[in-house]
Every structure is written in C-alpha cells, then in structure tokens.
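Commentary on secondary and tertiary structure
Here's the letter readout for the chains.
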Amino acid sequence: MFEDKLQELNDSSLLRVVRDRQSPQGREIRIEGKTYLNFSSNDYLGLSAHPYVTAAASETLSAFGTGAGASRLLSGGTVLHGALERRIAAFKGAEAALLFGSGFSANAGAIPALATEGDIILSDERNHASIVDGCRLSKAKTLVYNHRDSNHLESLISSPARGRKIVITDSVFSMDGSIARIPELLELCAKYGAVLYIDDAHATGVLGGGGKGVLSHFGSAPAHWVIQMGTFSKALGSYGGFIAANGDVVQWLKNSAKTFMFSTALPASVVAASIAAVKVVEEDKGLLGRLWENRRLLMDTINGLGFDTGDTETPIVPLILRDVEEAIRISGHLFGRGIYAPAIRPPTVRRPRIRLTVTANHMAEDIERLAQTLKTAH
Ligand SMILES: *Cc1c(COP(=O)(O)O)cnc(C)c1O
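Nothing here was measured: the structure is a model prediction, and the numbers come from that model. (Residues numbered from 1 in each chain as written. Predicted model: local features only at pLDDT ≥ 70, side-chain atom pairs only at ≥ 80, totals over all residues. Heavy atoms only, no water.)

A closer look at the pattern of salt bridges
Side chains that carry opposite charge are capable of pairing whenever their charged atoms lie near each other. Note the following rule: Each reported salt bridge corresponds to a side-chain nitrogen of Lys or Arg within 4 Å of a carboxyl oxygen of Asp or Glu. Helix and strand definitions follow DSSP, with helices as H or I runs of at least four residues and strands as E runs of at least two, each counted in order from the N terminus. Partly exposed describes any residue whose relative accessible area lies between the buried limit of under 20% and the exposed limit of over 50%, with all areas from a 1.4 Å probe on protein chains only and scaled to the type maximum.
Evaluated as defined, the whole model comprises 14 salt bridges. Residues arginine 353 and aspartate 176 are paired through a salt bridge, measuring 2.8 Å at the closest nitrogen-oxygen approach. Here aspartate 176 lies in the loop between β6 (165-170) and α7 (182-192) and arginine 353 lies in strand β13 (residues 353-357), a separation of 177 residues in the sequence. For the pair shown, arginine 353 and aspartate 176 are each scored as buried. Through salt bridges with shared partners, a single network forms among Arg27, Glu28 and Asp366.

Some thoughts on the site of the ligand
Which entries qualify depends on this criterion: Residue proximity to a molecule or strand is established when one non-hydrogen atom of the residue lies within 4 Å of it. The definition of a polar contact used here is a pair of N or O atoms within 3.5 Å, where within protein one atom must be able to donate a hydrogen and the other to accept one, and adjacent residues in sequence count solely through side-chain atom pairs. Each accessible area is a Shrake-Rupley estimate made with a 1.4 Å probe; only the visible protein chains count as cover when residues are assessed. Think of it as three bins: nonpolar holds Ala, Val, Leu, Ile, Met, Phe, Trp, Tyr, Cys and Pro, charged holds Asp, Glu, Lys and Arg, and polar takes everything else, Gly as well.
Near the ligand, the surroundings consist of 14 residues, among which Gly103, Asp199, His202, Thr231 and Lys234 are the closest. In this structure, phenylalanine 104 approaches the ligand through a main-chain N or O atom, which is 2.9 Å from an oxygen atom. Calculation on the ligand without its partners gives an accessible area of 380 Å², and the protein chains cover 88% of this total. Ranked by the residues each element gives to the shell around the ligand, the list is headed by helix α4 (residues 103-114), at 3 residues. Of the residues that constitute the shell around the ligand, the class distribution is 2 nonpolar, 9 polar and 3 charged.

Some remarks on the side chain of serine 41
Among the structural elements, serine 41 can be located in the loop between β2 (34-38) and α2 (51-64). There is a polar contact of 2.8 Å between the side chain of serine 41 and the backbone nitrogen of aspartate 43.

Points about the nonpolar core
To keep things clear, this is the line we draw: Only buried Ala, Val, Leu, Ile, Met, Phe, Trp, Tyr and Cys residues count toward a nonpolar core, and they belong to the same one when joined by side-chain atoms within 4.5 Å. Any two residues whose heavy atoms approach within 4.5 Å at even a single point are treated as in contact.
By size, the foremost hydrophobic cluster in this structure holds 61 residues, and its most contacted members are Leu45, Leu122, Leu153, Val167, Ile182, Leu185 and Leu196. Ranked by residue count, the leading element in this core is helix α11 (residues 268-283), at 10 residues. Once you skip the residues sitting within four places of it in the chain, isoleucine 182 turns out to touch Thr169, Ile198, Val214, Leu215 and Phe218. Grouped together as the second largest cluster of nonpolar side chains are 27 residues, Ala110, Ile166, Tyr197 and Ile243 included.

So, the sheet that holds strand β10 (residues 316-320)
Quick note on the threshold: In this scheme, strands are said to pair when DSSP sees at least two bridges between them.
As summarised here, the arrangement of the 3 strands in space is β10-β13-β12, forming an open sheet in which the pairing is antiparallel. Edge positions in the sheet fall to β10 and β12 (343-344), since each has one partner strand and no second. Note: β10 against β13, 5 bridges, orientation antiparallel. Bridge pairing links isoleucine 316 to threonine 357 in β13.

Details of the packing of helix α6 (residues 150-157) against α7
For clarity, the threshold we go by: Under this scheme, a helix contributes an axis fitted over its contacting stretch, all axes are lines through C-alpha atoms, and angles between N-to-C directions fall in the 0 to 180 degree range. Orientation categories follow fixed angle ranges, with anything under 35 degrees roughly parallel, anything over 145 roughly antiparallel, 65 to 115 roughly perpendicular, and all other angles oblique. Working rule for handedness: look at the near helix, and if it is turned counterclockwise from the far one by less than a right angle, call the crossing left-handed; if clockwise, right-handed.
One can describe the packing of α6 onto α7 by two numbers: an axis separation of 11 Å at closest approach and a directional angle of 15°. With respect to each other, α6 and α7 are oriented roughly parallel. The handedness of the crossing between α6 and α7 comes out as right-handed. For the pair α6 and α7, the contacting residues are Ser150, Leu153, Glu154 and Ile157 in the first and Glu184, Leu185, Leu188, Lys191 and Tyr192 in the second. A per-class count over the contact of α6 with α7 returns 5 nonpolar, 1 polar and 3 charged.

If you want it as structure tokens, here you go:
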C-alpha cells in the first residue's frame, strides 16, 4: 500500500531501519552479535542498569506482578504511584505531580487539557514532536516563534487573547543540546501574565543542582504559573512521564487529560525503578560530576576536528553535516569500526547530523577512540 512512499524515502536516503539490542543499555551494546561503543543513548547516568534501580524493579515485580490492569482512576494505581508523585514533586520543587504513561503521552494529554478554545499557545519552532502533537490536539490557537528568539516571542505574545496564554518550550533541545533562554521566558511570561510550560525531558537528572532541571540550572524557584513536564525514561533510566505543577493544575489534569484518564497506569515495577533512580540521583553526588566531566572531555577532544557542534551546552553533542549522504557515510564509517552513533535526518532535523550523547559511564579511552575514528572519517 505504501510502496511508492517507501521507495521515495529509500531513494532519498531517508528510510529508517530499527536495530534492536541484545544487551542492556550502556557504554557498550551488542547488536547482531557484535559489540559497539555506544554514543546514542539518553541513559545519561547509566541508571537503567544500576543494581539498586534494577533490584527495586525486580522486588516490586515479584510483589505486584507485571501489568497494572487498569487506569489510575480505576484500580491501576498502587501506593508506589502516589509515592513517586510526591517524590518527583519535591525533587522539582512543585506542589504536586501526576504520572503519565510516557513523556510523549504527558505532552499529548496535558497540553490540550491546559490550553483550550480562546487560549493562545506560543511554541518554539524546535519543540519536540510530542509538543507539536499536543498543540494540534488543543483547541487553542498555536503561534510558533523562531527558535530561542525572545524578541519574536514578545511580538507574538503581546497579541490580545480572550483566554490564557501559554508559552511552551523544551528546556534542552533534544537534537541540538542547546538550552532554552529560561530567564527571558520567565520575564516575558510574568510581564504578559502567561503560563510557562517547560519540557524538562533532557534536563531532569542532568542540569542544575543535583539534576533537578533547568529552573535550578538558572537558579529560579518554580512560580505557581510554571508547569514542569519531564520523563523518567532518559537520565532516570526507567520509563514514564510526569507533570509537576501547582495542586490545582494537577487536580485539573486528573480530571481532563485524556492520556491520563483513558490509559492504563504504569506497572508498579517501573514506578519502583523511578523512585529508586530519583534516590540515586539525590544521594550519589559523584554521578552527575562524572557525566559533566565526560561532556567536557568529549568537547575538548572533538574540538580540534573541525566539526560544527552548533549551540550545544549539554551531553547532547551534534556533529552538524553538509547533507544526508555525509551523515550516513560518517555514521556508517563509525559503525564499521564498532562505534554506534546514528545519523539524524530530516524530517527530525532540518540539517542532517550525527547526534552524540555522552554518559557518566563512558571512559576517557572511549571518547579518545571516538575522536580517533572520527578523524579518519572526516
Ligand atoms: C524524549 C522526549 C519526550 C518523550 O518522552 P518519552 O518518555 O520518551 O515518551 C518528550 N519531550 C522531549 C523534549 C523529549 O526529548
């Protein structure tokens, strides 16, 4: 049925394939019987295979079974769900929190519940696909502002609205590793009485004091009109999404966000892993230090190679390339030499790139090997 579409994708080198692992996530992974050095994971702290986290999951798996069996509004939730909500709310400095099945489902459900007819959403042009879908599902009018362009945002935010104004941004842009200008956004939102909705997916467990996220990175306390969304699926090594916000917002979402109301609760074992992961981040101060030390090492090591790394300020480091063919060639060169770093192509990004992610578990020699291999590809 889609033969011509698939052929078209194939002809323009845009056909994606799924490569499945035969090992846990980590600095090394096994694919089709071969071991690769891995620079493609968002498991920034290595928590998905951390013994304390996996033990919490397996103990809870034995105690509570596999599936949750129903949505939270029926019998799907357990005491662990409530405990994780209190824990993540405290971690984020918010009054309350609500769990969702995934980060994608948090955005797809919360945005249409928060912004409705008569409201205006202001969305950064490089926001994540789940935000774009959330905006499309909302009856609010969506205005897209140029990437990290506060002047453009101000020219749009000052337009009159019958209802609420909501500014939505990724905190760390997932394909660039750049950080949103949160202080300017806070100022504009305060000036125009807007709500700020921050997608902290790549900042939770990564940025700010103790990995608390982008607000902490900029030294801001969350105001009652700031909504923090996040995921347990990246630095926290587990799975599931959340919204941390004031109590009324959370109460409203329980009563209106369809992806919360009409979707089965997360398995208790997954929730237990998330609780354990937040605990590790709070208690193991060295972990975050190792991540940032490796990030510095990666930047220092590849700086001399002449790649365009854009505006990255985080463990996501793009090598922005001329065209799709070059991205595929370099990614293939690395793959052939045992290094996994896939090419990212349109429509995910406008400019093709290799997206490198470095983690706390990488060793100095891993980064050196990556740089040496890139040198022979360039
Ligand atoms: C990954 C990501 C999501 C989706 O989170 P999942 O838990 O993987 O569904 C949402 N927003 C951003 C910015 C992301 O990078």
